[in-house]
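Chain by chain, the residues run as shown.
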Amino acid sequence: MRNRKMESRRREGRRRHSAAAAMAAAAMAALLMCSALSGCSSYASSAELKSQAEAAKLEATGSGSLLPENAGELPQADAIALESQLTQAAPVPEFEAVSDEVYVKTSDGSAVRVRSACDTSDPSNIIGYAPDKTALKRTGRHDQWTRIEYHGGTAYIASAYITEEAPAAGAEEQQAAGSGSSQASFDSSISLDPSWKYAEFSKINSGSATLYRSQASSKKNITICVNAGHGTAGGSSVKTLCHPDGTPKVTGGTTGAGATSAVAVSGGMTFADGTAESKVTLSMALILKDKLLAAGYDVLMIRESDDVQLDNVARTVIANNASDCHIALHWDSTANDKGAFYMSVPNVDSYRNMEPVKSNWEKHNALGESLVAGLKGAGVKIFSGGSMAMDLTQTSYSTVPSVDIELGDKASDHGKAALSLLADGLVAGINQYFGQ
Ligand SMILES: [Zn+2]
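For every chain, the first residue of the written sequence is number 1, and numbering continues from 1 onward in sequence order. In keeping with the model being predicted, local features are shown solely for residues with a pLDDT of at least 70 and side-chain atom pairs are shown and tallied solely at 80 or more, while totals for entire chains, interfaces and linings include all residues. Hydrogens are left out, water is left out, and the side-chain values use all remaining heavy atoms of the structure.

1. Examining the confidence of the model for the chain
Counted only if it meets this: Every residue gets a pLDDT, meaning the predictor's confidence in that residue, from 0 to 100. Here, two residues are considered to be in contact whenever any of their heavy atoms come within 4.5 Å of each other.
For the chain, mean pLDDT is 80; residues scoring 70 or higher make up 73% of the total. Contacts for the low-pLDDT stretch residues 1-90, under 50 throughout, to residues beyond four places or in other chains number 163 contacts. Across residues 170-182 the pLDDT falls below 50, and counting only partners more than four positions away or on other chains, this stretch makes 18 contacts in the model.

2. Section: the coordination of the zinc ion
Six octahedral donors around a metal ideally make angles of 90 or 180 degrees; four tetrahedral donors ideally make 109.5 degrees. Which entries qualify depends on this criterion: The rule for donors is simple: N, O or S, within 2.8 Å of the metal, or within 3.2 Å if the metal is Na, K or Ca. Water isn't counted, so a site may look like it is missing partners. Only DSSP runs of H or I reaching four residues or more are called helices, and only runs of E reaching two or more are called strands; each is numbered from the N terminus. Between buried and exposed lies partly exposed: a residue is buried under 20% and exposed over 50% of the maximum accessible area for its type, with that area taken using a 1.4 Å probe on protein chains only.
The coordination sphere of the zinc ion, as far as protein atoms go, consists of His230 (NE2), Glu277 (OE) and His330 (ND1), spread over 2.0 to 2.2 Å. If you list the donors of the zinc ion from N- to C-terminus, the spacing comes out as H-x46-E-x52-H. Pair noted here: His230 is in the loop between β10 (223-228) and β11 (239-241) and His330 is in strand β14 (residues 325-332), with a separation of 100 residues, a long-range link. Residue His230 is classed as buried on the basis of its relative accessible area of 3%.

3. So, the nonpolar core
For the record, the criterion: Only buried residues count toward a nonpolar core. Its members are Ala, Val, Leu, Ile, Met, Phe, Trp, Tyr and Cys residues joined through side-chain atoms within 4.5 Å.
Ile224, Leu329 and Ile405 are the most contacted members of the largest nonpolar core, which totals 41 residues. Only β10, α6 (277-294), β13 (298-301), β14, β15 (340-344), α9 (357-377), β17 (402-409) and α11 (416-433) provide two or more residues apiece to this core. When sequence neighbours within four positions are dropped, the list of residues in contact with Ile224 reads Leu292, Tyr297, Asp298, Val299, Leu300, Ser323, Cys325, Ile327, Ile430 and Phe434.

4. As for α11
Basically, it comes down to this: Helix span is expected to be 1.5 Å times the residue number reduced by one.
Given a rise of 1.5 Å per residue, 18 residues ought to cover 26 Å, and the 25 Å separating the end C-alpha atoms of α11 matches this to within 8%. Of all the positions in α11, only Ala418, Leu419, Leu422, Ala423, Gly425, Leu426, Val427, Gly429, Ile430, Asn431 and Tyr433 are classed as buried. Backbone geometry just after α11 places Gly435 at a positive phi near 65°.

5. Considering the packing of aromatic side chains
Inclusion rule: Two rings from Phe, Tyr or Trp (for Trp, the six-membered ring) form a pair when their centres are within 6.5 Å of each other. A pair whose planes differ by under 30 degrees is stacked, one over 60 is edge-to-face, and the rest are tilted. Two conditions define a charge located above a ring, namely a distance within 6 Å from the ring centre to NZ of Lys or CZ of Arg, and an angle within 35 degrees of the ring normal.
In total, this model carries seven aromatic pairs according to the counting rule given. Summarising the aromatic geometry, the rings of Tyr433 and Phe434 are spaced 5.0 Å apart at their centres and angled 90° between planes, so their arrangement reads as edge-to-face. As far as burial versus exposure is concerned, Tyr433 and Phe434 are alike and both buried. Here the aromatic residues Tyr198, Phe201 and Tyr397 are joined through ring pairs into a cluster of three or more. Lying across the ring of Tyr212, Lys289 places its NZ or CZ 3.8 Å from the centre. The ring of Phe383 has Lys338 sitting right over it, with the charged end atom 5.3 Å from the ring centre.

6. Comments concerning the environment of Asp391
What counts is decided by this rule: Contacts described as polar in this section are N or O atom pairs within 3.5 Å, which, within protein, must combine one atom able to donate a hydrogen with one able to accept it, while residues neighboring in sequence count only if both atoms come from side chains.
Along the chain, the position of Asp391 falls in the loop between β16 (382-389) and α10 (393-397). Residue Asp391 is classed as buried on the basis of its relative accessible area, which comes to 1%. Between the C-alpha atom of Asp391 and that of Val250, which follows or precedes it by 141 residues, the distance is 6.2 Å. Setting aside residues up to four positions removed in sequence, Asp391 forms contacts with His243, Pro248, Lys249, Val250, Thr251, Pro346, Tyr351 and Ser396. A distance of 3.3 Å separates the side chain of Asp391 from the side chain of Ser396, its partner in a polar contact.

Written out as structure tokens, the structure is:
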């Protein structure tokens, strides 16, 4: 890992932007951009309401058999169906106190909801997803709900998805079946460690990211953090500091230049066809994950469902500590199919002299240039010079190469084939950056 970072540092020096180009891009950004990370407030509420409504609908449609064989398009569907029945059948359980290790067991390799309360009617009590075969510390036994220790606190999970038997040998190969990949094994879930640098600036951090280890024959031992932009319920009603030193933003966006705080996670835009940006970034992340694992990269997935309770600061700090680079996936809020570009680091002295930007901005821009080159090589349309200068929360807290890549806009094709092409381009760009 360290050697890779040194190599990338050496490469950075060759990829500096001209000051004039960056300033022009910054001016354009102020006019055009609805900042991806601080967000479009006009879209935030609708996207959130939509995702909450969908969650509620899913909870309520649990009319299937108790243990469906296959959850199909919805990886959590069987867990959801079962939970719904539990709500009708079970009052607050009385737990038998135990202290042992149990494991998540699903029929199709999907994850199970982890809740802060034994109540399926309230989507806000979902505090995470435990992937199949995850080991858990059990503190309370009951037929229908299992009480567990979860990130230092207490949480609950449906007992039908809990087994006392450790996963069988060879289980790692089967584990990834739910994602359609045979190239990965689940390694660990990673939550925000309060002792990590800048962790104290995060306001939403009860969720966790998931690290997948590549099982490809030729492993690279490089971890790519894939951050599906948006998708944090309640994220737009909380604010975090734009910069760790409390100074104001140097470029505009939805959160204007001069603001010192911005929404913790915005809701994202809505595509011209009505699809929420957060849905498309999630689909993109899952496709990219499989391609990276197949190429030999380990992958740190920030979000793998509609909601992860990690704000932009938490996502960034987790990436800083558990990956070699951080790629946040977004689509822009213009509507003219203008093409892909990355958010470069503004050429403003005060910003580039502020840590951790000072020590890392060249890496961010170098990674961005590589990603755009990879996309271009794959035949993806590129906007203007391929970059737009923007002062983002992500950039302001990143200590590993870190890029917000805008893969198109509201009018862009976001079908499976288009996303697959974009993923190919991103993998090529990552290969270029790491000299692979
Ligand atoms: Zn976005």
